[in-house]
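# Geometric and topological summary
Okay, here's what each chain looks like letter by letter:
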Amino acid sequence: MRIVFCSLDARADDWLQSLRDALPDAQVQEWAPGAPPAEYAVVWRAPQQFFDAQPGLRCIFNMGAGVDALLGLRLPPGAALVRLEDGGMGVQMAEYVCHAVIRHFREMERYEESQRAGQWALRKPLRRADFPVGIMGLGVLGASVARALAQFGFPLAGWSRTPKSMEGLRCYAGAAQFDEFLAATRILVCMLPLTPQTRDIMRRETLSRLLPGSYIVNVARGEHLVEEDLLALIDEGRIEGAALDVFRTEPLPAQHPFWQHPRIRVTPHSSARTLRDETVAQIAAKIRALQRGEAVSGKVDLQRGY
Ligand code: NAP
Ligand code: GLV
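All of these numbers come straight from a predicted model, not from anything done at the bench. The written sequence of each chain sets the order in which its residues are numbered from 1. Starting at A for chains and at 1 for ligands, labels are handed out in the order in which the entities are written. Thresholds applied to this predicted model are a pLDDT of at least 70 for local features of residues and 80 or more for the giving and counting of side-chain atom pairs; totals over whole chains, interfaces and linings are not thresholded and use all residues. Think of the side-chain values as coming from all heavy atoms in the structure, minus any hydrogens and water.

Time to look at the pairing of strand S1 (residues 2–7). Looking along a regular strand, one sees the side chains alternate between the two faces of the sheet. The buried label applies to any residue whose accessible area, calculated with a 1.4 Å probe on protein chains only, is under 20% of its type's maximum; exposed applies above 50%, and partly exposed to all values in between. Strands are runs of DSSP state E lasting at least 2 residues, helices are runs of H or I lasting at least 4, and numbering of each runs from the N terminus. Counted residue by residue, S1 has five buried out of six residues, so it is predominantly covered. The pairing of S1 with strand S2 (residues 27–30) spans four bridges and is parallel. Each residue of the ladder has a partner; that of phenylalanine 5, found in S2, is glutamate 30. Taking the sense of rotation as the criterion, the β-α-β connection linking S1, helix H1 (residues 12–22) and S2 turns out right-handed. As paired strands, S1 and strand S3 (residues 40–44) are joined by five bridges and run parallel to one another. Its bridge partner lying in S3, phenylalanine 5 is registered against valine 42. For two strands to count as paired, DSSP must find a minimum of two bridges between them. Crossover handedness is defined by viewing with both strands directed away from the observer: a clockwise path from the first strand over the helix to the second marks the crossover as right-handed.

Further remarks concern the site of ligand 1. Residues are counted as near a molecule or strand when any one of their heavy atoms sits within 4 Å of it. Around ligand 1 sit 30 residues, and of these Arg83, Leu141, Thr162, Lys164 and Tyr306 come closest. N or O atoms closer than or at 3.5 Å make up a polar contact, with two conditions inside protein: a donor-capable atom paired with an acceptor-capable one, and, for residues adjacent in sequence, both atoms drawn from side chains. Interatomic distance of 3.3 Å between a side-chain N/O atom of arginine 221 and an oxygen atom of ligand 1. The Shrake-Rupley method, run with a 1.4 Å probe, gives the accessible areas here. Residue values count only the displayed protein chains as cover. Here ligand 1, which alone exposes 940 Å², has 93% of that area covered by the protein. Listing elements by their share of the shell around ligand 1, those giving two or more residues are helix H4 (89–105), helix H6 (140–150) and strand S7 (156–160). No other element matches H6, which puts three residues into the shell around ligand 1. For the shell around ligand 1, the residue count by class is 15 nonpolar, 10 polar and five charged. An automatic or database domain assignment is the source of the domain bounds shown. Composition of the shell around ligand 1 by domain shows at least three residues from each of domain 1 (2–87 + 274–291) and domain 2 (89–266). Residues are grouped as follows: Ala, Val, Leu, Ile, Met, Phe, Trp, Tyr, Cys and Pro are nonpolar; Asp, Glu, Lys and Arg are charged; all remaining types, including Gly, are polar.

Below, the discussion takes up the site of ligand 2. Lining the immediate environment of ligand 2, one finds Trp44, Gly64, Ala65, Gly66, Met89, Arg221 and His269. Within the contact set of ligand 2, an oxygen atom lies 2.8 Å away from a side-chain nitrogen or oxygen of arginine 221. Compared with its free state, where it exposes 200 Å², ligand 2 has 87% of that area covered by protein. Taken together, the residues of the shell around ligand 2 break down into three nonpolar, three polar and one charged.

In a helix, the anticipated span is given by 1.5 Å times the number of residues less one. Here helix H10 (residues 276–291) spans 22 Å end to end across 16 residues, near enough to the 22 Å set by a 1.5 Å rise per residue. The complete set of buried residues in H10 reads Thr279, Val280, Gln282, Ile283, Ala284, Lys286, Ile287, Ala289 and Leu290. Buried-residue contacts for H10 involve S1, H1, S3, strand S4 (59–62) and strand S5 (80–82). Looking one or two places after H10, you find glycine 293, whose phi comes out positive at around 85 degrees. We call two residues in contact when some of their heavy atoms are within 4.5 Å.

Take the sheet that holds S2 next. Spatially, five strands are ordered S2-S1-S3-S4-S5 in an open sheet, and the strand pairing comes out parallel. With partners counted over all chains shown, the strands left at the sheet margins are S2 and S5, one partner each. Each neighbouring strand pair of the sheet contributes to a mean axis angle of 20 degrees, computed without reference to strand direction. The pairing of S3 with S4 spans four bridges and is parallel. In the strand pairing of S4, valine 43 is matched with asparagine 62. As a rule, the C-alpha atoms of each element are fitted with a line to give its axis, helices using only the stretch in contact, and angles between N-to-C directions run from 0 to 180 degrees. Packed onto the sheet, H1 meets S1, S2 and S3 and runs at close to 170 degrees relative to S2.

See below:
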């Protein structure tokens, strides 16, 4: 069996070695033009040229949860696209989002300002009940975030495409319940895939429906957020601030206003990293299952976009 690896970001040598260790019977190669046809591909942001040159692929394994970078491409018609399911990202997302929510709720930035001023300045405790958290996207990662946040007792809600029921969480679904979800949310967490339906979902019209003094945590994709609308709403005092891990242009350009904004915290698309050991173990297990003729989970519905 032949596996071809193609990533614009990852260091190929380490990945090739891990894949060879996990699948000793396979021929694993980094892709270059003219490479022999393979059955399986392991990819991250692979170019159209790669897919055009590998028309016989049976299955394409995406080295991340989000497949938006591949959806605009012409993929080989017979190939299934399989995304990463958690693979060590659930706990990282839970850490990141809990940290962002708690840092905001416990006013850590104010205490840091006090420290810089050499002031012992106690602040009046805020009421947890006044900070309902709403999570957009209750999939593998959204559910992990919801379970972790539930430990801290914030009123919690989630919104998904199809109806769900989860303990400790008020669930809303579909376009019909979106406004109701927003109106009950003060801290908004975006955990959606990027699709035509979710692009620009955080814009003036929707963000204005949140409870007063709202706060935004975006750990999904930059294109979910209309960045100018966020800046304007913060300036108008309708939104208190944001913790942003993803941006419409990455790396975030040096002159971008987010870098120096006192109410915006920036991280470099680092909230949940692809971990090599966990990822290779998951992909190798799925390749072995496919070789045995079994079905695998994590198949992307190309029409739906996730
Ligand atoms: P997932 O398991 O596919 O879950 C997606 C969730 O979004 C599902 O609950 C789905 O609803 C919901 N959804 C999709 N379209 C919707 C719509 N139009 N309206 C309402 N809800 C909708 O995805 P995941 O593994 O949790 O990953 C989520 C995203 O996180 C990825 O796509 C990626 O963009 C992002 N991510 C970012 C990083 C980072 O480092 N910043 C790392 C990993 C992933 P249903 O349940 O009804 O289908
Ligand atoms: C990272 O952004 C991913 O989608 O896994």
